[in-house]
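Geometric and topological summary
Chain residues, written in single-letter form:
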Amino acid sequence: MKPVAQTAVATIQQVGRKISSAYSSNSRNGICRVVGSVGSVPSILSQQKKQQSSMAATTRTQLTRLTQKVVAAAAAQSREKSSMSIDYDGSEASATKTTANATYDQSVREPFPSIVVGPEKFIEPQGSFAEAQAQFLDPDMDMVETLKEGLLKTDMGIVAHYYMDVELQGILQSLKNSHPDLKHRVGIADSLKMGDQAVDMCRDHGVTSVVCLGVDFMSESVQAILDKNGFGDVPVYRATTQHIGCSLAESAETEQYRAWLHTESKKALDEGCVPLHVIYINTSLETKAVSSSIVPTITCTSSNVVQTMLQAASEIPNLRVMYGPDTYMGQNLERLFEVIEESDDWTDERIQSELHPGHNNATLKALKDNVVVFPQGNCVVHHMFGNQVTDTVIEKYENEPDTYITAHLEVPGEMFEIGMRKSLNDEGVVGSTADILKFISRKVQDAANSATSDNAQDRKLRFILGTEAGMVTSIVEKVQEILGSAYSNSKGRRVEAEIIFPVSSEAVMSLEDCDTSVNDELTIVPGVAGGEGCSTAGGCATCPFMKMNDVDALQDIIDLVDEQRQGDERSRGILKKHLPPTRLQGKFINGIEATELGTEAILFMRKFMLSQSMPEDLVAKVKTFEATSLSR
């Protein structure tokens, strides 16, 4: 059998090459539910403080090592200069990147693994994959106590993405509630909210340094947002000194993406339009800077992308929207506008009342016809929710009672179609991670409320989790909170929520298949030898890059900061290696500071979110954009 690194690298380097463009045409309504409303380097300094290894600790350490082998081996084989680099004024950028791609064959038609959540902290995993996830939902309280003491002593804060592994999120949730001073100093959120949380921690809660648990573009963004809000002296530390990549973000750091911006901008002008580049927030600061130097650019999230396009088109005549780099999300948005156009139910009045007051059928058609999507970008996790996974969803789940489909906007069109179809009757949602969490919470709350009636029956709600499996921690916490407060008034009627992972139940690694050096007591961990959580038999559940963040790495950073505060120069030197990427530092593009250009698109989005109108300076840039701009 091939070593795990070799096997996993071969798989990771191929994910993303097969992008299906097949769409069904069954959905005609439910649009409002789619668019929404108007790897560590251990420090010897910490070893004396570590608890003796338990079963959970062994699992955590070995899973981290396996993931690091996958990513490090992929990086060693795929290093190349960032082709997004341009000739900065006076210097040349040189960044190395790792691209993750894989082919897959999803042929299993069996029920998916799941975790059943009930009142009184009831948890029941079903299937090996779910068992491996569920074992970490009950956090190691000794580790929570150790981290609590460290954070309080060092005045540190933590911002983490929803896609952290289950064990780490469980510990962070408990850590947040372990002391009043930590309630607002530990945050779990999407990539945009992470920056806002960091600012709040520094401004209102005395935080002097921040640990960012995510991929590199997230720590880079958090640092930039702190800088813009007057906290440039607050360092942001990554969990590892290694590069933590992102397949989606890196698809925009290519010569193809830059050429696409130039080509489509010129084409827009040639056809009598003016271009606006709407770029997904999940991209590097360098990508945003280079993009802004080529064409007027505003960032978006999966929650506000539709409203961003609608508002821009309502304010700027003859607008051509260039969306990237997420191909699936862009195609799903195009499909969304097509459904509205094809449906007789979407009258001008309904569009104006439920979508945007400045639009009607004619203007939406004009917008649809002027949306251009970058064709070569995708997330390694969401890419795996392809046609074979959705076939199983349709066959085993779609028509079952009390079964709901959730799907991130980044998933392929097949999964998007199911989510949109189910949303016709409020039985599904397509949106951001926050949208998915809100939808599940609302459905569980409604069921809990109805359990108090005299004729109520026991109910089990089932939710297909069409996004990264790490979200299950936040979902379980919220569901337990709802069911715990409602059960005493339910007259004995039981409400449960089953969180279903659309992966094969074989989506686990047997250690005998991947690393003979691992402790024999550990039999399985989430993921398969062909890639962390990505099963050739049925879907992808976890992001290998996110899993480079782990509890031990977090403890190491806290220990290093503590030692630095005591004047240890060695710790100071190590911490410098944990800072976010500084590819733009001291560089200029067209005479403008590169970092300034990189944050400009983010600030445009923030202004839009506050005022619900396009920033005047962005509108001016778009309207006055000329072909001469493309020659610079």
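Residues numbered from 1 in each chain as written. Predicted model: local features only at pLDDT ≥ 70, side-chain atom pairs only at ≥ 80, totals over all residues. Heavy atoms only, no water.

The chain goes by quinolinate synthase in an unreviewed UniProt entry, where it is assigned to Pseudo-nitzschia australis. The UniProt entry for the chain carries the following text under Pathway (unreviewed entry): "Cofactor biosynthesis; NAD(+) biosynthesis; quinolinate from iminoaspartate: step 1/1." The Cofactor (unreviewed entry) field of the UniProt record for the chain holds the comment "[4Fe-4S] cluster". (UniProt positions renumbered as here; feature names shortened; annotations may be inferred.)

Thoughts on the side chain of Ser302
By secondary structure assignment, the location of Ser302 is in the loop between strand E12 (297-300) and helix H12 (305-315). Those residues within four positions of Ser302 in sequence are excluded, and the remaining contacts are Tyr280, Met329, His408, Leu409 and Ser432. (Helix = DSSP H or I, 4+ residues; strand = E, 2+ residues; numbered from the N terminus. Contact = heavy atoms within 4.5 Å.)

Remarks on the environment of Val186
Of note, Val186 is situated in strand E8 (residues 186-189). The class of Val186 is buried, set by a relative accessible area of 3%. Distance in space between the C-alpha atoms of Val186 and Val211 is 9.6 Å, their sequence separation being 25 residues. (Buried < 20%, exposed > 50% of the residue type's maximum accessible area, 1.4 Å probe, protein only.)

Regarding the sheet that holds E12
In space, the four strands of this open sheet follow the order E12-E11-E13-E14, with parallel pairing throughout. Both edges of this open sheet fall to E12 and strand E14 (371-373), since each of them pairs with a single strand only. Ignoring which end each strand starts from, the neighbouring axes of this sheet average 25° apart. Pairing of strand E11 (residues 274-280) with E12, which is carried by four bridges, proceeds in the parallel orientation. The residue of E12 that forms the bridge with Tyr280 is Cys300. (Pairing = 2+ DSSP bridges. Axes fitted to C-alpha atoms, helices over the stretch in contact; angles between N-to-C directions.)

A short note on the pairing of E8
It is a general feature of regular strands that their side chains alternate between the two faces of the sheet. By the alternation rule, side chains of E8 split into Val186 and Ile188 and Gly187 and Ala189, which are all buried. Relative to E8, strand E7 (residues 156-161) runs parallel, the two sharing four bridges. Each bridged residue has a counterpart across the sheet, and for Ala160 the counterpart in E8 is Ile188. The parallel pair E7 and E8 is bridged by helix H6 (residues 166-176), and the resulting crossover is right-handed. (Right-handed = clockwise from strand over helix to strand, strands pointing away.)

A look at the pairing of E11
Buried residues dominate E11, accounting for seven of its seven residues. Here E11 shows a buried face lined by Val274, Leu276, Val278 and Tyr280 and a second buried face lined by Pro275, His277 and Ile279. Inspection of the sheet shows E11 paired to strand E13 (residues 319-324) by six bridges, in the parallel sense. In the strand pairing of E13, Leu276 is matched with Val321. A crossover connection joins E11 to the parallel E12 through helix H11 (residues 285-294); in handedness this β-α-β unit is right-handed.

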